[in-house]
Amino acid sequence: MEMTENARKYVEKMSQEGIDELMKSDPEFMERFASFAFDEVVKEDDLDDKTRFMAILAALIGCQGIDLFRDMMGAALNFGVEPLEIREIVYQATAYLGMGRVLPFIRAMDSIFEQKGISLPLPAVATTTLETRREAGTAAQVEIFGEGMKEFYKSGPAETVHINRWLAANCFGDYYTRKGLDLAQREMITFCYIAAQGGCQPQLVAHAGGNMKVGNDRGFLIRIISQCLPYIGYPRSLNALAAVNEAAEK
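Scope of this entry: the structure provided in the associated data block. (Residues numbered from 1 in each chain as written. Predicted model: local features only at pLDDT ≥ 70, side-chain atom pairs only at ≥ 80, totals over all residues. Heavy atoms only, no water.)

1. Some details on the layout of surface pockets
Rules: A 1.4 Å probe that fits but cannot get out identifies a cavity on a 1 Å grid over protein atoms alone, an open set with protein on both sides within 12 Å along at least five of seven lines counts as a pocket, and a residue lines either if it has an atom within 4 Å of a point. Grid points are joined across faces, edges and corners, and a volume is the space filled by probe spheres set on the points. Counting from the N terminus, the helices are the DSSP runs of H or I reaching at least four residues and the strands are the DSSP runs of E reaching at least two. Residues are sorted three ways: Asp, Glu, Lys and Arg are charged, Ala, Val, Leu, Ile, Met, Phe, Trp, Tyr, Cys and Pro are nonpolar, and all the rest, Gly among them, are polar.
For the largest pocket, the calculated volume is near 280 Å³. Every residue lining the largest pocket is listed: A95, Y96, F145, L167, C171, I194, Q197, C200, Q203, A206 and H207. Those elements that place two or more of their residues in the lining of the largest pocket are α7 (94–97), α10 (161–176), α11 (183–197) and α12 (201–213). Residue contributions to the lining of the largest pocket peak at three residues, all from α12. Here the residues of the lining of the largest pocket are counted per class, giving eight nonpolar, three polar and no charged.

Here you go:
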């Protein structure tokens, strides 16, 4: 079998050394994978390349695919994802995976930026202060999940209420309020982080519902899952689809 012509053109536009090396060392595998991921999957729906690569980068962070992230980040730049958008995808992952799993991606991202002559640090885009972050984070939660989130930050048992406060102030107030990505894009990448890491089905259902509330409907989320499938596999993709269906029913 040879790689399809559409896949070949896509790989050429990606223009990444790591992918090219695999084409030489493991041609039988890569011909089949590339024909699937870069032709059959890409032409399955009308998702634009920029959104596709944003989802893929978020999914690769979620599944800890650091080696492929390096190649796909370079490809994402070739397909129109801006450096600031990539940085926001990486930064926001900290709230969902923790610094222990995100730090290697920050270092990889910075290294690739430097290789491509992109000056660091990129512009600061925070819109909150330590004094305003909780209130702004709660406002974001309300916009995504509904009015029931207004008092969520002070709900729960006394010994754990601080976690809900941190969720509002840190997860949403520190990250979702930043410029560079809009709220719908931020919910989309969050869905990708959670789907890709697995084992977080309640949160995946919740964020599938949050996506729908900010305009990312069921059809859009199915297209996102489809584009991430080559990178996270079938079990987690099927779990993500189940989460979308459950959220849609609710």
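There's more to say after this.
2. Quick look at unusual backbone geometry
With an omega of 0°, the peptide bond between L120 and P121 qualifies as cis. By secondary structure assignment, the location of P121 is in the loop between α8 (99–115) and α9 (133–145). Its identity is not glycine, yet S15 carries a phi of approximately 50°, on the positive side. Along the chain, the position of S15 falls in the loop between α1 (5–14) and α2 (17–25). Unusually for a residue other than glycine, Q64 sits at a positive phi of about 65°. Structurally, Q64 can be placed in the loop between α4 (49–62) and α5 (66–78).

3. Some remarks on the packing of aromatic side chains
The test is simple: Only Phe, Tyr and Trp rings take part, Trp by its six-membered ring, and two of them pair if their centres are within 6.5 Å. Stacked means planes under 30 degrees apart, edge-to-face means over 60, and tilted covers everything else. When accessible area is computed with a 1.4 Å probe and restricted to protein chains, residues below 20% of their type maximum are described as buried, those above 50% as exposed, and intermediate ones as partly exposed. We call a charge positioned above a ring when the Lys NZ or Arg CZ atom is no farther than 6 Å from the ring centre and deviates by at most 35 degrees from the ring normal.
This structure, assessed with the given rule, holds eleven aromatic pairs. Where F33 meets Y231, the ring centres are 6.4 Å apart and the plane angle is 80°; that geometry is what we call edge-to-face. One end of the pair, F33, is in helix α3 (residues 27–40); the other, Y231, is in helix α13 (residues 218–232), and 198 residues separate them in sequence. For the ring pair F172 and Y176, a centre distance of 4.5 Å and an interplane angle of 35° mean the geometry is tilted. Remark: Y176 and F172 occur in helix α10; sequence separation between them is four residues, near one turn of the helix. Taking the relative accessible area as the measure of exposure, F172 reaches 2% and is therefore buried. Members of the aromatic cluster, joined through ring pairs, are Y10, F29, F33, F38, F53, F79 and Y231. The ring of Y153 has R134 lying over it, and the distance from NZ or CZ to the ring centre is 3.6 Å.

4. Regarding the packing of α4 against helix α6 (residues 83–92)
What counts is decided by this rule: Axes, fitted as lines to C-alpha atoms, cover a helix only where it is in contact. Angles between the N-to-C directions of the axes lie from 0 to 180 degrees. Roughly parallel here means an angle under 35 degrees, roughly antiparallel means over 145, roughly perpendicular means 65 to 115, and every remaining angle is called oblique. Each crossing gets its handedness from the near helix: less than a right angle anticlockwise from the far helix is left-handed, clockwise is right-handed. Two residues qualify as a contact provided that any one of their heavy atoms is within 4.5 Å of a heavy atom in the partner residue.
For the pair α4 and α6, the least separation of the axes is 10 Å and the interaxial angle reads 30°. Taken together, the axes of α4 and α6 are roughly parallel relative to one another. As for how α4 packs across α6, the hand of that crossing is right-handed. In this structure, α4 contributes K50, M54, L57, A58 and I61 to the contact, and α6 contributes E85, I86, I89 and V90.

5. What to know about the pattern of salt bridges
Definition in use: One speaks of a salt bridge when a side-chain nitrogen belonging to Lys or Arg is within 4 Å of a carboxyl oxygen belonging to Asp or Glu.
What the rule picks out here adds up to twelve salt bridges. For the salt bridge of K50 with E85, the shortest nitrogen-to-oxygen distance reads 2.9 Å. Placement of the pair is K50 in helix α4 and E85 in helix α6, with a sequence separation of 35 residues. The exposure class of K50 is partly exposed, given its relative accessible area of 27%. Linked through salt bridges whose partners overlap, the residues forming this network are R87, E88, R178 and R186.

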